[in-house]
Amino acid sequence: MEITIRETLLIAAFLFSSGIFMILTRQNAIAILMGVELILNAVNINFVAFDRFLFDRVDGNVAAIINIMLAASEVAVALAIVICIFRSLKTAETDRLDSLRG
Amino acid sequence: MEYLLLLIPILPLVGSMINGTIGYFIQKRYGGEVNGIIATSTISISFLIAVYLFISLLNQPVEDRKILLNLYNWVFAGSLSVDFELIMDPLSALMVLVVSGVGALIHLYSIGYMHSDKSQWRYFSYLNLFAFSMLILVMADNLLLMFVGWEGVGLCSYLLIGFWYQDIDKAVAGMKAFITNRVGDFGFLIGLFFLIAGIRMVEGEGGVVSLSFGYLREISERLSGVHFGSFGLLTIVGLLFFVGATGKSAQIPLYVWLPDAMAGPTPVSALIHAATMVTAGVYMIARLNFLYVYSPLALTVVAVVGALTALYAATMGFAQTDIKKVLAYSTISQLGFMFAAVGSAAFSSGVFHLMTHAFFKACLFLGAGSVIHAMSGEQDIRKMGGLKNRIPRTYYTFLIASLAIAGVPGLSGFFSKDEILYRSFMSAYGFMGVWGYIVFFLLIVAALCTAFYMFRLVFITFYGSEVRAGEEVVHHIHESPRSMTSVLIALSALSVIGGYVGLPEIFGVHSGLEGFLSPVFEESSRILNVPSSHTAEWIIMLLSVGAAVVGIYGAYRIYYINGYDGAKPIRERIAPVHYIVENKYFVDEIYNLVVIDTVKIFSYLLSQFDKYVIDGIVNLAGRITVVFADLDGIIDKYIVDGLVNIVAQGIKFIGERMRGLQTGRIQDYVYIMVSGGFLGLILIRVLIYFMNR
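What you see is a predicted model, and the numbers here were worked out from it, not measured in a lab. Each chain has its residues counted from 1, following the order in which its sequence is written. Working convention: letters from A go to chains and numbers from 1 go to ligands, in the order in which they are written. Only residues with pLDDT of at least 70 get local features here, since the model is predicted, and only at 80 or more are side-chain atom pairs given and counted; chain-wide, interface and lining totals rely on the full set of residues.

What follows concerns the overall build of chain B. Under the DSSP-based scheme used, a helix requires at least four consecutive residues in state H or I and a strand at least two consecutive residues in state E, with every element numbered from the N terminus. Summing up its helical and strand segments, chain B has 27 helices and four strands in all. Over its C-alpha trace chain B gives a radius of gyration of 39 Å, far above what one expects of a compact globule, namely 26 Å for 693 residues. C-alpha atoms of chain B, sized along the principal axes, occupy 155 × 70 × 55 Å. Evaluated residue by residue, chain B yields a buried proportion of 50% over its 693 residues. C-beta atoms are first placed from the backbone for all residues, and any pair lying within 7 Å is then listed as a contact. Sequence separation of 24 or more characterises 81% of the internal contacts of chain B that already satisfy a separation of 6 or more. The atom set for the radius of gyration is the C-alpha atoms, and the globule formula is 2.2 Å times the number of residues raised to the power 0.38. The burial criterion counts other C-beta atoms lying within 10 Å of a residue's C-beta, which is placed from the backbone; the residue is buried at 20 or more, exposed at 12 or fewer, and partly exposed between these limits.

Given below as structure tokens:
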């Protein structure tokens with residue numbers, strides 16, 4: 001089976017949906033961060049796929065690399081926040097973290 | 001030489017200025033006599049200059065006897081052109097001599113009379129200012145300048161009547177004099193306007209209207225042709241000027257101020273309210289003789305009013321008990337004589353009587369002042385009596401002046417009064433007709449009354465055995481100082497010899513005064529052409545002497561022995577009449593009722609109008625503004641603020657509903673985000689579907 005843009009986009013969509021599902025269903029903040037990573041990587045696959053199959057250039061690859069770097073730094077900050085929250089509230093369950101409620 | 005004319009009025013003005021500005025310090029430093037000496041010397045120098053000019057006038061031929069000094073063009077407005085011009089013709093010269101001469105004597109007398117007063121500087125400043133105004137009045141060569149003097153003497157009269165202004169009655173008397181005079185002056189001014197209008201009509205467009213006497217004399221004949229309605233211009237002008245004269249010279253109906261004017265210091269009463277100022281009206285009519293002769297009607301009115309006043313005021317003298325009030329009514333009565341004279345076109349007789357009256361009435365007033373001085377300020381003759389031997393100089397001078405005013409032969413009053421009687425009688429054969437007899441009759445009765453009330457005064461005041469006053473007053477009685485009695489003697493001497501300048505023609509001499517005044521009056525007498533009769537003059541002279549003798553004898557019978565009480569039986573028999581006369585015919589009360597109360601009621605009504613209508617309108621406007629402001633406040637509070645609040649409330653309402661969306665839980669946000677993404681997708685699909693259709 002030849003791999004075309006269709007299959008690639010389907011994989012990316014699956015990854016994205018999994019990420020969304022993870023965010024919606026998991027209570028743990030770290031698991032939610034994992035879902036965010038899945039979504040980011042779905043986007044990266046899309047960048048690379050469009051570059052590879054439609055334009056045949058390197059721009060998409062560059063964008064994907066920047067995206068990976070961005071995700072890494074984002075996770076670093078987010079994990080630090082989660083640790084801080086855990087330390088002060090003794091929990092990382094998102095259902096309980098509702099102090100921003102209007 | 002003309003400039004000497006200017007010095008005559010200016011010197012008293014300078015004296016007035018000195019006393020008015022630095023007089024207070026002079027009095028404080030050197031005493032009040034110095035103020036008096038300054039004032040007296042200025043007026044005395046004026047008198048000396050007047051004498052010099054008078055003599056130089058006499059040295060000139062009759063037709064050249066006139067000195068004019070035209071200083072500058074004073075008023076120039078449109079066709080009206082009035083110069084500041086002074087004149088010295090026989091009439092002015094005589095008046096200036098009387099005013100400055102009698103004035104100087106009275107200034108001198110005042111030094112003694114006022115010696116204990118606190119503000120002599122003020123007194124002498126006023127007195128000098130009066131002399132200045134009066135001299136301007138008699139020396140002015142045009143009506144406008146004369147009016148300045150006319151008003152000036154009115155002002156000084158007011159100031160001097162109210163000199164002791166701390167006494168409210170005296171201040172009120174001053175105001176009464178001033179206001180009554182204003183009524184007369186109003187008539188004078190209107191007359192002046194009529195005259196100017198008349199001259200305009202005569203001169204036509206482009207003519208220059210001057211008010212100088214020489215000019216008026218020239219055009220008087222042409223003016224007599226001018227008519228307003230059925231009245232001749234000169235009748236209207238003459239009557240209106242006479243209204244002014246009744247105010248200034250205290251004739252019916254405006255005489256009421258003069259008795260009250262006695263509130264002033266006695267020398268003031270003598271100078272202003274007897275000798276000079278009150279004669280201004282007579283002088284004015286004599287001066288304007290060339291206008292009056294063209295209006296027999298105006299002359300007749302003047303004569304009749306004068307004669308009525310003469311008798312009316314004389315009867316009021318019967319019942320007065322204040323020595324100065326008696327003399328005040330006597331003055332009014334004598335002024336009536338003068339007006340009767342000028343009204344009978346006997347201008348020189350009027351001026352003659354003016355002069356002799358100035359002498360003997362000034363003497364009487366100053367004598368009364370001396371009596372009051374001796375009696376420690378007592379003015380009620382009922383408390384006097386027996387003063388004959390205690391103050392002999394005062395008594396003899398007073399007696400001489402009384403004889404003069406009563407018309408005893410040989411004294412000045414006899415000659416002048418006799419001439420007036422004779423001329424008024426003869427005017428019945430001239431222009432006045434039957435009115436002439438009436439005037440004559442009134443005057444002869446008035447002459448009898450004059451003799452009576454004057455000797456009533458003399459007998460009550462000086463005769464009798466004892467003084468009817470308190471012990472302290474009696475003990476204090478003393479003859480006045482030399483400076484006062486010498487003036488009395490001088491004036492009584494003048495009262496004796498003053499008549500000989502105007503001896504009647506029947507004595508075989510030419511009347512000196514009449515000849516002297518002839519340049520001023522001759523033309524007028526020719527126009528009216530009043531006949532003369534020596535027989536009539538003899539008879540009238542006898543009548544006049546008879547009247548004087550009867551009057552004096554009557555007073556002697558009643559008052560010689562018992563003084564004031566001698567008249568008791570008569571008083572009781574005619575009690576109602578006496579009551580009316582004693583209260584001056586209730587004229588003051590009637591004036592109060594008719595004029596003053598009307599004015600007061602009117603002013604009260606106006607004040608009420610102001611209070612309720614004008615203030616009401618203002619308050620209403622205020623009230624309306626307040627109501628509008630309240631409405632505005634309500635609108636602001638409920639509508640404007642309400643709108644703002646509704647917006648805020650709306651936003652708050654929406655906010656409260658929306659806050660539920662923000663749960664603070666991440667999953668909720670993501671749900672919303674995702675479902676929003678789905679909705680967006682669906683929407684796009686639907687849109688594309690419909691667009692492709």
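A few words now on the nonpolar core. All names here are of chain B. In these notes, a nonpolar core means any group of buried Ala, Val, Leu, Ile, Met, Phe, Trp, Tyr and Cys residues linked to one another through C-beta atoms within 7 Å. Counting 214 residues, the largest nonpolar core has Met139, Ala362 and Leu443 as the members making the most contacts within it. No other element matches the 20 residues that helix H19 (residues 434-462) contributes to this core. Filtering out sequence-adjacent residues up to four positions away, methionine 139 remains in contact with Leu5, Ile8, Pro9, Leu86, Ile87, Met88, Ser92 and Val96.

Here we come to helix H1 (residues 5-25) of chain A. For an α-helix, 3.6 residues make a turn, and residues three or four places apart therefore share a direction. End to end, H1(A) covers 30 Å across 21 residues, agreeing with the expected 30 Å (1.5 Å per residue, within 8%). Turning to H1(A), its buried residues number three or more, namely Ala12(A), Leu15(A), Gly19(A), Ile20(A) and Ile23(A). For H1(A), the angular spread of buried residues about the axis comes to 135°, placing them on one side. Turned more than 90 degrees from where H1(A) packs its buried face, Arg6(A), Glu7(A), Leu10(A) and Thr25(A) sit exposed. In the core, the buried residues of H1(A) are packed alongside helix H2 (29-55) of chain A together with helix H27 (666-692) of chain B. Take the residue count of a helix, subtract one, and multiply by 1.5 Å to get its expected span. Starting at the helix axis, one direction is taken to each C-beta atom, and the arc is that of these directions.

Across the contact, ten residues belong to chain B and eleven residues belong to chain A. Gly is put with the polar residues, along with every residue not named as nonpolar or charged; the nonpolar set is Ala, Val, Leu, Ile, Met, Phe, Trp, Tyr, Cys and Pro, and the charged set is Asp, Glu, Lys and Arg. Grouping the constituent residues of the side of chain B that touches chain A by class yields four nonpolar, four polar and two charged.

A few words now on unusual backbone geometry. Note: most peptide bonds trans; most residues except glycine with negative phi. Residues and elements named next belong to chain B. The omega angle of the peptide bond from isoleucine 252 to proline 253 is 5°, so this bond is cis rather than trans. Structurally, proline 253 is set in the loop between helix H9 (233-248) and helix H10 (257-260). Even without glycine at this site, lysine 584 takes up a positive phi of about 55°. Topologically, lysine 584 is positioned in the loop between helix H25 (575-582) and helix H26 (587-658).

This part is about the environment of Asp260(B). Residue and element names in this part refer to chain B. Looking at the secondary structure, you find aspartate 260 in helix H10. In this structure aspartate 260 comes out as buried when scored by C-beta crowding, with 21 C-beta atoms within 10 Å. Dropping the residues within four chain positions of it, aspartate 260 is found in contact with Ala173, Lys176 and Ala177.

A few words on the packing of helix H3 (residues 32-58) of chain B against helix H5 (residues 120-139) of chain B. Residues and elements named next belong to chain B. Two numbers describe how H3 lies on H5: the axes approach to 9 Å, and their chain directions differ by 10°. Put simply, H3 runs roughly parallel to H5. Across the interface between the two elements, Gly32, Asn35, Gly36, Ala39, Thr42 and Ile43 of H3 pack against Gln120, Trp121, Phe124, Leu127, Asn128 and Ala131 of H5. Looking at the contact of H3 with H5 residue by residue, the class counts come to six nonpolar, six polar and no charged. Interaxial angle, 0 to 180 degrees, is taken between N-to-C directions of lines fitted to C-alpha atoms, where a helix line uses only the stretch in contact. Should an angle fall under 35 degrees it is taken as roughly parallel, and over 145 as roughly antiparallel, whereas 65 to 115 is taken as roughly perpendicular and any remaining angle as oblique.

Annotation comment: domain bounds sourced from an automatic or database domain assignment. Domain boundaries assigned for chain B yield domain 1 (588-660) and domain 2 (664-692). Here domain 1 of chain B and domain 2 of chain B have C-alpha centroids that lie 64 Å from each other.

Turning our attention to the pairing of strand E2 (residues 80-88) of chain B. For a regular strand, side chains alternate in direction, first toward one face of the sheet and then toward the other. Residues and elements named next belong to chain B. By the bridge criterion, nine bridges tie strand E1 (residues 67-77) to E2 in an arrangement that is antiparallel. Following the sheet pairing, asparagine 70 is matched in E2 by glutamate 85. Two strands pair under a simple rule: DSSP has to find at least two bridges between them. Connecting E1 to the next strand, E2, in antiparallel fashion are two residues, including glycine 78 with a positive phi near 60°.

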